[in-house]
Amino acid sequence: FACLAWSHSETRLLYVAEKSRPKQQPPCPWDVPGAAWPAAEDEDEEGKQFVYHEDWGEALSTRSEPVLCILDLEGLSLSVLEGVPEHLSPGQALWSPDDRGVVFVGWWHKPFRLGLNACSNRRWVPVSNQCPCQDAHALLSAENGSACSPQLSPDGQRLLYLEGAVGGPHRQCLRLRTVSWASRAPGMAVPPSQRSAPLTAFTGLYSEVLPPRCWAADSRRAVLGTPQRSRTVSPRDGRAWDVTHTLHGSPEGCWELLTLQWDLLVATCSAPHHPPSLVVAVLPPAGQELPLDWVPVEDTPTVPGVTWKTLTVQPPCSGQGPAAPGDSGDTLAVLVAPQVMPMLAPGGPHAVFDARWRPSMAALCRLGFAVLLVNYRGSLGFGQASISSLLSRVGEQDVADTQLAVEQALHREPLDPHRLALLAGSHGAFIALHLLTREPKRYQACALRSPVSNLPALLGTSDIPDWRYTSLGLPYSFERVPRAEEVATMLLRSPIAQAAQVQTPVLLCVGARDRRVSPMQALELYRVLRARGVPARLLWYPEGGHALAGVETEADVFKNCAHWLLQHLGQ
């Protein structure tokens, strides 16, 4: 929802805040028992202190009813924007070109809120409020669409925003759209990539938000990053939009745009062995973008002893139809001696391991591990067809792809097949548990964060219950109640159903405040493993969420995971 926007006159500031609720006054120690509050307070607050208020789920548990506020620095006044439809929660706001209105994104919260974090499939639309003091408003995109992150061109003639489909995969390949401010006529900028494509081709946009400043000074081009190896997308010419990849040196690594102002690009570049460096470049005139002359502002040294490479694995054709061209699990491997390999698969499941700097991975390498980061079919960055291919095949295709990637890495690289470990989180932990049940003797240790182990149990505990249906190819609606056969299908796809096969020592790390995957999933698994005599340890972080974020929490999780792997791999 966040926004902080100056008006063009620089006399007013537009920002988002959480609507406050009246707090009931606590009784004083000397109050007479049974004494009543004044009548006015009774009518408003009596019996309401325990009313349930929805929030927006994981990482947004303190966000429920956002409002847009305007601070007038000349009049020294503060007001709340009127005219927002009551079924919408506003955010991501900016001023109209003439400062007489605002543009904001409205999230549908009827009949109830679903989790927003890492979910680009929610129903949200950009809305134009013609005057901050009036109720008039107009939708700038389809009412049943999923649009977000509006950015106005410097000349005030075009509005750029991201758009996807409502429902389906929680992350998806997005469209980049433009709207003419004068006519409100929409246009397509960059369409989604429906087919999987070779890694040298453009495979679509996957970023959930545009950079705060992404327009070039000519108002004809925009620059943004996307998870497909962080190539920079440069649409140009307001009618026929092209895509230009702007890379620096090697095409490997991760590039992230920080800002674009006065045609000065500021970005960071990193790689698994190279912490982020700050670089700048001047954006050349239209048609002359390549090559960009990047100038380092602050460089960082590479980490000694860490090398890496990309392995491409082609899965066999499934029995459900021919594989699409380029429909491969692209495997990113960071390899160092000695020959011990923990495997990681991304969470999500629609996420991606790109070639960026990850301190924990570099630290594992310095401890003597080789690390295999697996992007199975369904990961971001390979086209919408690859994402959609995972639906109804969760627990099958993703597990098979990861298993194949491990086998291929062992075949191609000088790794010790008798010293393997699993390290994963969320859906990656779901895959890891399946691997433990399929090959009980292959892995010598396993460390998991916020694991998914029991799919039907998440229906009533997760902030995204819709994903439980969608992942298995089942339709979802707000009034949906699971049928017995659907619950049975979910349970059969769950690692907990085969937990009796697990023999590998397992470390479980969970946050008590996790709204995405209940920590009770790990507790249930912990009890089953302990009852069967499998070495298991559970770490419970009282203030932790799904990501187990925060300096102290992250450090403790890494320390315990590394110690667990070293202990059970005989080092």
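Along each chain, numbering runs from 1 in the same order as the chain's sequence is written. For a predicted model such as this one, the threshold for reporting local features is a pLDDT of at least 70, and the threshold for listing and counting side-chain atom pairs is 80 or more; totals across whole chains, interfaces and linings nevertheless cover every residue. Hydrogen atoms and water are omitted, and side-chain values are computed over all heavy atoms in the structure.

Asker: Go over the overall build of the protein, please, and point to the residues and values.
Answerer: Under the scheme used here, helices are H or I runs from DSSP no shorter than 4 residues and strands are E runs no shorter than 2 residues, and both carry numbers assigned from the N terminus. Across its full length, the protein carries nine helices and 26 strands. Only protein chains enter the accessibility calculation, which uses a 1.4 Å probe. A residue is then buried if its area is under 20% of the maximum for its type, exposed if over 50%, and partly exposed in between. In the protein, buried positions account for 54% of the 571 residues. Two residues qualify as a contact provided that any one of their heavy atoms is within 4.5 Å of a heavy atom in the partner residue. Excluding contacts between residues fewer than 6 apart, the proportion of contacts in the protein whose partners are at least 24 apart in sequence is 64%. Accessible areas in this description were obtained via Shrake-Rupley with a 1.4 Å probe; residue shielding takes into account the shown protein chains only. Of the roughly 25,400 Å² of accessible surface on the protein, a fraction of 55% belongs to carbon and sulfur atoms.

Asker: Just give me the short version of the packing of aromatic side chains, but keep the residues and values in it.
Answerer: Between 30 and 60 degrees the pair is tilted, below 30 it is stacked and above 60 it is edge-to-face, where a pair is any two Phe, Tyr or Trp rings, Trp via its six-membered ring, whose centres lie within 6.5 Å. Scanning the model with the defined rule gives seven aromatic pairs in all. Seen in terms of ring centroids, phenylalanine 112 and phenylalanine 478 are 4.8 Å apart; in terms of plane orientation they differ by 85°. Their pairing is edge-to-face. Pair noted here: phenylalanine 112 is in the loop between β6 (102–108) and β7 (124–129) and phenylalanine 478 is in the loop between α6 (465–470) and α7 (484–492), with a separation of 366 residues, a long-range link. On the basis of relative accessible area, phenylalanine 112 is assigned to the partly exposed category, the value being 28%.

Asker: Account for the sheet that holds strand β17 (residues 274–282), naming residues and giving values.
Answerer: Ordered in space as β15-β16-β17-β18, the four strands form an open sheet in which the pairing is antiparallel. The sheet terminates laterally at β15 (254–261) and β18 (295–298), the two strands that pair on one side only. The average undirected angle you get between the axes of adjacent strands in this sheet is 30°. Whether two strands pair comes down to DSSP finding at least two bridges between them. Pairing between β17 and β18: three bridges, direction antiparallel. What sits directly across from valine 279, in β18, is proline 296. Note on method: axes are straight lines fitted to C-alpha atoms, helices fitted across the in-contact stretch only, with angles between N-to-C directions ranging 0 to 180 degrees.

Asker: So, the pairing of strand β4 (residues 77–80): which residues are in play, and what are the values?
Answerer: Direction of pairing for strand β3 (residues 66–72) relative to β4: antiparallel, over a ladder of four bridges. If you follow cysteine 69 over to β4, its bridge partner there is valine 80. Counting the residues between successive antiparallel strands, the hairpin from β3 to β4 contains four residues, one of them, leucine 76, with a positive phi of roughly 50°.

Asker: Describe the sheet that holds strand β1 (residues 4–6), naming the residues involved and giving the relevant values.
Answerer: Pairing in this open sheet of four strands is antiparallel, and the strands run β1-β2-β3-β4 from one edge to the other. Each of the sheet's edge strands pairs with one partner strand only, and the pair in question is β1 and β4. Direction aside, the axes of adjacent strands within the sheet are offset by 25° on average. Bridge analysis of strand β2 (residues 12–18) against β3 gives seven bridges, and the strand direction is antiparallel. In the sheet register, leucine 13 faces β3, and the bridge partner there is leucine 71.

Asker: Hey, could you go over the pattern of salt bridges for me, with residue numbers and the actual values?
Answerer: Every case where a carboxyl oxygen of Asp or Glu lies within 4 Å of a side-chain nitrogen of Lys or Arg is listed as a salt bridge. Taken as a whole, this structure holds 20 salt bridges when the rule is applied. Between arginine 480 and glutamate 486 there is a salt bridge, with its nearest N and O atoms 2.9 Å apart. Under the relative-accessibility criterion, glutamate 486 is labelled buried at 4%. A salt bridge links glutamate 485 to arginine 483; the shortest N-O distance between them is 3.1 Å. In this structure arginine 483 comes out as partly exposed when scored by relative accessible area, which is 47%. Because the salt bridges share partners, they merge into one network encompassing Glu256, Asp354, Arg356 and Arg358.

Asker: Could you give an account of the pairing of β6, naming the residues involved and the relevant values?
Answerer: The two faces of the sheet receive side chains in turn, since in a regular strand these alternate between them. With seven of seven residues buried, β6 lies mostly within the body of the structure. Pairing of strand β5 (residues 88–95) with β6 involves six bridges; the strand directions are antiparallel. Residue pairing across strands places leucine 88 opposite tryptophan 108, the latter belonging to β6. What sits between the antiparallel neighbours β5 and β6 is a turn of six residues, in which aspartate 99 has the positive phi angle 65°. Direction of pairing for β6 relative to β7: antiparallel, over a ladder of six bridges.

Asker: I'd like to hear about helix α8 (residues 520–531), residue by residue, with values.
Answerer: Given 3.6 residues per helical turn, the α-helix brings residues three or four places apart onto the same face. The terminal C-alpha atoms of α8 lie 16 Å apart, and with twelve residues this matches the ideal 16 Å at 1.5 Å per residue to within 8%. When α8 is considered as a whole, its buried residues turn out to be Gln521, Ala522, Leu523, Leu525, Tyr526 and Leu529. On the buried face of α8, the contacting elements are α5 (427–438), β25 (506–511) and β26 (536–541). Glycine 533 lies just past α8 and shows a positive phi near 80°. Expected span of a helix, by definition, is 1.5 Å for each gap between consecutive residues, and there is one gap fewer than residues.

Asker: Describe the confidence of the model for the protein, naming the residues involved and giving the relevant values.
Answerer: On a range of 0 to 100, pLDDT expresses the predictor's confidence in each residue. Chain-level statistics for the protein give a pLDDT mean of 85 and a share of 83% at 70 or above. Note that residues 31–43 has pLDDT below 50 and, in this model, seven contacts with residues that lie over four places away or in other chains. Below pLDDT 50 for its whole length, residues 319–338 participates in 74 contacts with residues either more than four positions away or in separate chains.

Asker: Tell me about the state of the cysteines, residues and numbers included.
Answerer: Disulfide assignment relies on a single distance test, namely cysteine sulfur atoms paired within 2.5 Å. Taken as a whole, this structure holds zero disulfides when the rule is applied. There is no disulfide at cysteine 254, and the cysteine sulfur nearest it, in cysteine 269, is 9.3 Å away.

Asker: Could you give an account of the side chain of serine 149, naming the residues involved and the relevant values?
Answerer: Looking at the element boundaries, serine 149 is found in strand β9 (residues 146–152). Its relative accessible area of 3% is what places serine 149 among the buried residues. The definition of a polar contact used here is a pair of N or O atoms within 3.5 Å, where within protein one atom must be able to donate a hydrogen and the other to accept one, and adjacent residues in sequence count solely through side-chain atom pairs. From its side chain, serine 149 meets the backbone nitrogen of leucine 210 in a polar contact 2.7 Å long. Those residues within four positions of serine 149 in sequence are excluded, and the remaining contacts are Gln92, Val105, Leu160, Tyr161, Leu162, Val209 and Leu210.

Asker: Can you break down the nonpolar core residue by residue, with the values?
Answerer: Among buried residues, those of type Ala, Val, Leu, Ile, Met, Phe, Trp, Tyr and Cys that are joined through side-chain atoms within 4.5 Å constitute a nonpolar core. Grouped together as the largest cluster of nonpolar side chains are 51 residues, with contacts concentrated most on Leu436, Leu448 and Val506. Taken together, the elements giving at least two residues each to this core come down to β22 (371–374), α4 (397–412), β23 (420–425), α5, β24 (445–449), α6, β25 and α8. If you tally residues by element for this core, the top one is α5, at seven residues. Beyond its immediate chain neighbours, meaning those up to four positions away, valine 506 contacts Leu436, Cys446, Leu448, Leu529, Pro535, Ala536, Arg537 and Trp564.

Asker: Residues and numbers for the side chain of threonine 470, please.
Answerer: Along the chain, the position of threonine 470 falls in helix α6. The residues touching threonine 470, leaving out its near neighbours within four places in the chain, are Gly168, Pro169, Leu391 and Ser392.

Asker: So what's going on with the environment of valine 557? Which residues, and what values?
Answerer: As for its placement among the helices and strands, valine 557 is situated in helix α9 (residues 551–568). In the structure, valine 557 is positioned 49 residues away from leucine 508 in sequence and 9.7 Å away in space, judged by C-alpha atoms. The residues touching valine 557, leaving out its near neighbours within four places in the chain, are Arg449, Cys509, Tyr541 and Leu548.

Asker: Explain the environment of glutamate 479 to me, and be specific about the residues and the numbers.
Answerer: Within the fold, glutamate 479 resides in the loop between α6 and α7. The exposed category is assigned to glutamate 479, whose relative accessible area is 64%.

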